[in-house]
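Letter by letter, the chains look like this.
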Amino acid sequence: MEKKEIFKTKSAEIAAKILFTGVAAAASYFIVLVVFIMLSLIGVNIVLSVIGAGIVPLLLILLIWCKNRKKVFKYWTVFAAVAVVAVGIDYGIDLYDRMITIDTTPNIAVNEYLPFDDDSKIVVLDKEASIEIEGDLPVVDGAAAVFPVYSAFVNAVYPETTELWDGVFEYNNTVGGYKLLGEKQTDIFFGAYPSEEQISDAKAKGTEFVYTPIGYDAFVFFVHKDNPIDNLTTEQVQAIYSGEIRNWKELGGPDEEIAAYQRNEGSGSQSMLIRFMDGKKIMNAPTEMVDDFMSGIVEQVSDYRNKKGSIGFSFRYYLEGIIKNPDIKILSIDGVAPTVENIKNGSYPITGPLYAVTWEGNSNKNVEKLLDWVLSEEGQEIIEKTGYVGVK
């Protein structure tokens, strides 16, 4: 073979090696990035997986350039096996975690509670409502747990052409809903009392909230059905969420660490927890990033991942009327169960009003007309039949 041809062959070989080196290095970076993102999202130990996944393609560079490929291949095989086993263990942990997890995240299948739909689960009055809202329709919005209520209001008194997200009938949940109300882009928000931050943000924009109680519900705490604890005192729950009590054995339960999960800041239930704590500082909760594909919003929350050692909180109707998960158990507080009867007679210690929140100075006369109807016998019938406790 001529020198010229040998040179060309070696040049091609070197070029190929350089190309494959770049590919191996890029693959290493890409795999590390992907594995890190995926495993960090599911909250597992990622160290071995990331190291293994990063070294495996990097060792391919040695296979490309070194002469003793058999020896390097042995090392590569070992690291590859470690990476596969580590990823497999992480995946197995995640599967197990999902098996013992109860997901009661604050989402609702809104398509099941739409107005003017024969298959809707909303309450429908036996006869036509005594009023019909026409002209300047109030823009209504609300929390997830209250969506079935105000959807039923829309069904009863709004034009049949009204549809979800049409600029009049909205659903943006508590955080987004109070933001829009503070900006005066909506007229009425149906839900729990806002957080202090939401009130301050609204005032900074020149908006003063006006609160009209239209019903009541119980604020409840829940555990896994297999947890032997059925009742806690107010002080015990406060001690759990302040971090003073960290093991169920301190409460007469099993020797298991308590995982006290919380909601995202500004949600109706988290704001209720803050008021329930009565000035006691709430301990920091574990958080993770959650991609909510339904709304396209990525928000940082602490899931209600209710394992056997966990405790979570919500509102009674949301758990019993919407979630209906047989694997969770709602606790009695101070020896009183959160039943409708106990909410009505005031014996259950943690109840909160369901509000229709408006803003001061709204010139739309239909806002007051709608609120008056909500407080009427017809509006209260919808609230009661949905599962809340009426104010009258």
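Residues numbered from 1 in each chain as written. Predicted model: local features only at pLDDT ≥ 70, side-chain atom pairs only at ≥ 80, totals over all residues. Heavy atoms only, no water.

Peer 1: Looking at this structure, I do not really get the overall build of the protein. What am I missing?
Peer 2: Per the secondary structure count, the protein includes 12 helices and 12 strands. A separation threshold of at least 6 residues defines the contact pool for the protein, and within that pool the share at least 24 residues apart is 72%. Of the accessible surface of the protein, which amounts to about 20,700 Å², a share of 57% is contributed by carbon and sulfur atoms. (Helix = DSSP H or I, 4+ residues; strand = E, 2+ residues; numbered from the N terminus. Contact = heavy atoms within 4.5 Å. Areas by Shrake-Rupley, 256 points an atom, 1.4 Å probe, with all protein chains shown as cover.)

Peer 1: Sorry if this is basic, but what is going on with the packing of aromatic side chains here?
Peer 2: Think of a pair of aromatic rings as described by two things: how far the centres are apart, and how the planes are tilted against each other in angle. Summed over the entire model, instances satisfying the criterion amount to 22 aromatic pairs. Taken together, a centroid distance of 5.5 Å and an interplanar angle of 80° make the contact between Phe147 and Tyr150 edge-to-face. Here the residue Phe147 and the residue Tyr150 both occupy positions in helix 4 (residues 147-157), the gap between them amounting to three residues, near one helical turn. Considered together, Phe147 and Tyr150 belong to a single accessibility category, that of buried residues. Taken together, a centroid distance of 5.2 Å and an interplanar angle of 50° make the contact between Phe221 and Phe276 tilted. Of the two residues, Phe221 is situated in strand 3 (residues 209-224) and Phe276 in helix 8 (residues 268-276); the sequence distance between them amounts to 55 residues. The exposure class of Phe221 is buried, given its relative accessible area of 0%. Here the aromatic residues Phe147, Tyr150, Phe153, Phe169, Tyr171, Phe190 and Trp373 are joined through ring pairs into a cluster of three or more. (Phe/Tyr/Trp six-rings, centres within 6.5 Å; stacked < 30°, edge-to-face > 60°. Buried < 20%, exposed > 50% of the residue type's maximum accessible area, 1.4 Å probe, protein only.)

Peer 1: Help me understand the pattern of salt bridges, please; the structure alone is not making it clear to me.
Peer 2: Two side chains carrying opposite charge are able to pair once their charged atoms lie near each other. One pass over the full model with this rule turns up 12 salt bridges. When the shortest N-O distance is used, the salt bridge between Asp327 and Lys225 registers 3.1 Å. On the criterion of sequence distance, the pair formed by Asp327 in the loop between helix 9 (316-323) and strand 9 (328-330) and Lys225 in the loop between strand 3 and strand 4 (231-232) is long-range, its members being 102 residues apart. The exposure class assigned to Asp327 is partly exposed, which follows from its relative accessible area of 29%. Looking at Lys225, the relative accessible area reads 43%, which means it is partly exposed. A salt bridge links Asp255 to Lys249, with the nearest nitrogen and oxygen atoms 3.9 Å apart. When sorted by exposure, Asp255 lands in the same class as Lys249, which is exposed. (Salt bridge = Lys/Arg side-chain N within 4 Å of Asp/Glu carboxyl O.)

Peer 1: How should I be thinking about the side chain of Lys329 in this particular structure?
Peer 2: Tracing the backbone shows Lys329 in strand 9. Polar contacts involving the side chain of Lys329 include one to the main-chain carbonyl oxygen of Asn227, which spans 2.3 Å. Separated by 2.8 Å, the side chains of Lys329 and Asp230 make a polar contact. (Polar contact = N/O pair within 3.5 Å; in protein donor to acceptor, adjacent residues only side chain to side chain.)

Peer 1: I'm lost on helix 7 (residues 234-242) in this one. Help?
Peer 2: One turn of the α-helix equals 3.6 residues, which is why residues spaced by three or four share an orientation. Counting buried positions along helix 7 yields seven of nine residues, so the element is predominantly enclosed. Buried-residue contacts for helix 7 involve strand 3, strand 4, strand 5 (259-260), helix 8, strand 8 (310-315) and strand 10 (332-333). Note on helix 7: the residue one or two positions beyond its end, Gly243, has a positive phi of about 90°.

Peer 1: How should I be thinking about a negative patch on the surface in this particular structure?
Peer 2: On the surface, Glu128, Glu132, Glu134 and Glu160 cluster together to form a negatively charged patch. Looking at the secondary structure, you find Glu128 in the loop between helix 3 (69-99) and strand 1 (140-142). Judged by relative accessible area, which is 75%, Glu128 ranks as exposed. (Patch = residues over 30% accessible without salt bridge, like charges linked within 9 Å, V, L, I, M, F, W, Y side chains within 5 Å. Lys, Arg positive; Asp, Glu negative; His and termini not counted. Charge placed at Lys NZ, Arg CZ, Asp CG, Glu CD.)

Peer 1: Would you mind showing me how to read the environment of Val110 here?
Peer 2: Inspection of the secondary structure puts Val110 in the loop between helix 3 and strand 1. Separated by 61 residues in sequence, Val110 and Tyr171 place their C-alpha atoms 8.8 Å apart.

Peer 1: Where do I start with the confidence of the model for the protein in this structure?
Peer 2: Across the protein, the average pLDDT comes to 82, with 74% of residues at or above 70. Segment residues 99-106: pLDDT under 50, and 25 contacts once partners within four positions in sequence are set aside and those in other chains are kept. (pLDDT = per-residue confidence, 0-100.)

Peer 1: Sorry, what's going on with the environment of Gly176 here?
Peer 2: Tracing the backbone shows Gly176 in helix 5 (residues 173-182). Look at Gly176 and you get partly exposed, because its relative accessible area is 25%. Taking the C-alpha atoms as reference points, Gly176 and Gly266, 90 residues apart in sequence, are found 9.3 Å from one another.

Peer 1: Looking at this structure, I do not really get helix 9. What am I missing?
Peer 2: Extensive coverage of helix 9 is indicated by the burial of six of its eight residues. Taken as a whole, helix 9 has its buried residues at Arg316, Tyr317, Tyr318, Leu319, Gly321 and Ile322. Elements in contact with the buried residues of helix 9: helix 4, strand 3, strand 8, strand 9, helix 10 (340-344) and helix 12 (377-386). Backbone geometry just downstream of helix 9 places Lys324 in the positive-phi region, at approximately 50°.

Peer 1: Sorry if this is basic, but what is going on with unusual backbone geometry here?
Peer 2: Glycine aside, residues mostly have negative phi, and peptide bonds are mostly found in the trans state. The backbone of Asn173 shows a phi angle near 65°, a positive value even though the residue is not glycine. Not every positive phi belongs to a glycine, and Lys184 is a case in point at roughly 60°. The topology assignment puts Lys184 in the loop between helix 5 and strand 2 (188-191).

Peer 1: Even after reading the chapter, I still don't get the pairing of strand 3, so can you show me in this structure?
Peer 2: Burial within strand 3 is extensive, with 12 of its 16 residues counted as buried. Inspection of the sheet shows strand 3 paired to strand 11 (residues 351-359) by nine bridges, in the antiparallel sense. The residue of strand 11 that forms the bridge with Phe209 is Trp359. Bridge analysis of strand 3 against strand 12 (residues 389-390) gives two bridges, and the strand direction is antiparallel. Residue Tyr216 lies in a different strand from strand 12, and its bridge partner there is Val389. Summarising the sheet, strand 3 and strand 8 pair through five bridges and their orientation is antiparallel. Considered in strand 8, the bridge of Phe221 is made with Phe313. (Pairing = 2+ DSSP bridges.)

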